[in-house]
Amino acid sequence: MKALLRIFRPSRKLVLIIGGIALLGGISGGAALYIGKDTLLGPPAETVNGAACTDVNLVTIKKQKRVWIRKYIKTEPTDGMTRVKTALRVAKAVYDAQKPDLVQVVVLDANGPTLRSDIRGRAIGADVVYIPHPDPIVESIEGNKTYTARYYDGTAAANGLFFGERIDLPEDEITTLNASFKDVSDCIDPIAVAATEGGEGKPAAKGEGAKPAEGGHGAAPAEGEAAPAAAPSGGH
C-alpha cells in the first residue's frame, strides 16, 4: 500500500501549480463579485449601443431641394433609455449612409402598430430628430436644434402602447450618448432578408419580395408633402 501511495503522490511542484491556479480562480471570481462584471468586462453592448431593431416603414420626403427621412423601427420590450439610444444610433447610421438634411427615427414596441395612421401618442416609445445643419427652413420644426430626443420611461403594454413619464433629453446628454457608441449600425430590413433567403443569396427580381409597408417603404412622397413631425399628435 505504501508503495502505491508513493507512486501516486504528486510532486511538490505540481501541488504548487494546482494551488496557484485555484487561488487565481478564487481571486478572479471574488473580484468579479466585489467589483462587478461590467467593470471588469465592460457593460453589455445593449447598454452602450441600444437594442437590436427591425425596420417597419421608411418615408423619404423631397421638399425645396432638401431630403428628409422619417424611419419607423421596432424593438423587443426594453427600457426607455435603451430605446432612445437605439433611435440615436439608427439616426446616425441613416445619416452616414444617405446624408439627408433631416432624419427622424420613431421607435415602436414589437407589439405596437405598423400602420402609419396608428403611430402616434403613446404608440411611440422614443423619438429622435437629427438635423445636421439647422437652417431657417427647418428651424420651426425643432427650434434650430441639431438633435432632439424624447422617450417614455415606462414599458409597453400588451397592445404596444407605452406608459410612464415622457422624458426630453437635454442636448448635452444627447451629445454624450452619441460619443459613447461603440458601433453605429442600422436595423434589420425584413424585406431585404426575405428577398435574400428566397433567392438563395441572390437579390429578388424587381417587384418580388419588395412590397412596401403601408405608407410607402422607401418611396419618395410627392413634392410638397408635409415635413416630418417631431412630436406626432396624440400627446407625444
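Higher on the page you've got the structure.
Residues numbered from 1 in each chain as written. Predicted model: local features only at pLDDT ≥ 70, side-chain atom pairs only at ≥ 80, totals over all residues. Heavy atoms only, no water.

Student: Can you explain the overall build of the chain? Please cite residues and give values.
Tutor: Across its full length, the chain carries eight helices and six strands. When its helices and strands are written in sequence order, the chain yields α-α-α-α-β-β-α-β-β-α-β-β-α-α. The buried share of the chain, reckoned over its 236 residues, is 36%. In the chain, of all internal contacts separated by at least 6 residues, the share reaching a separation of at least 24 is 67%. When the accessible surface of the chain is summed, it comes to about 13,600 Å², and 58% of that surface belongs to carbon and sulfur atoms. (Helix = DSSP H or I, 4+ residues; strand = E, 2+ residues; numbered from the N terminus. Buried < 20%, exposed > 50% of the residue type's maximum accessible area, 1.4 Å probe, protein only. Contact = heavy atoms within 4.5 Å. Areas by Shrake-Rupley, 256 points an atom, 1.4 Å probe, with all protein chains shown as cover.)

Student: Give a description of the state of the cysteines that names residues and reports values.
Tutor: With the rule as written, the count across this model stands at one disulfide. Here Cys53 is linked by a disulfide to Cys187, with a sulfur-sulfur distance of 1.9 Å. Between Cys53 and Cys187 the disulfide shows an S-S torsion of about -95°. By sign, it is left-handed. Taken together, the residues span a long stretch of sequence, with Cys53 in the loop between helix H4 (45-49) and strand E1 (54-63) and Cys187 in the loop between helix H7 (171-180) and helix H8 (190-198) at a distance of 134 residues. Cys53 gets classed as buried once you look at its relative accessible area, which sits at 3%. (Disulfide = S-S within 2.5 Å.)

Student: Any chance you could break down the side chain of Lys71 for me, citing the residues and the numbers?
Tutor: Along the polypeptide, Lys71 turns up in strand E2 (residues 66-75). Owing to a relative accessible area of 5%, Lys71 belongs among the buried residues under this scheme. Among the polar contacts listed, one links the side chain of Lys71 to the side chain of Asp186, at a separation of 2.6 Å. Once residues within four sequence positions are removed from consideration, Lys71 is found in contact with Asp55, Asn57, Leu58, Val90, Val94, Gln104, Val105, Val106 and Asp186. (Polar contact = N/O pair within 3.5 Å; in protein donor to acceptor, adjacent residues only side chain to side chain.)

Student: Account for H7, with residues named and values stated.
Tutor: The set of residues buried in H7 consists of Ile174, Leu177 and Asn178. Burial along H7 is one-sided: seen end-on, the buried residues are contained in an arc of 100°. The exposed set on the far side of H7, more than 90 degrees from its buried face, consists of Asp172, Thr175, Thr176 and Ala179. Considering only its buried residues, H7 is in contact with helix H5 (80-98) and strand E5 (147-152). (Arc of directions from axis to C-beta.)

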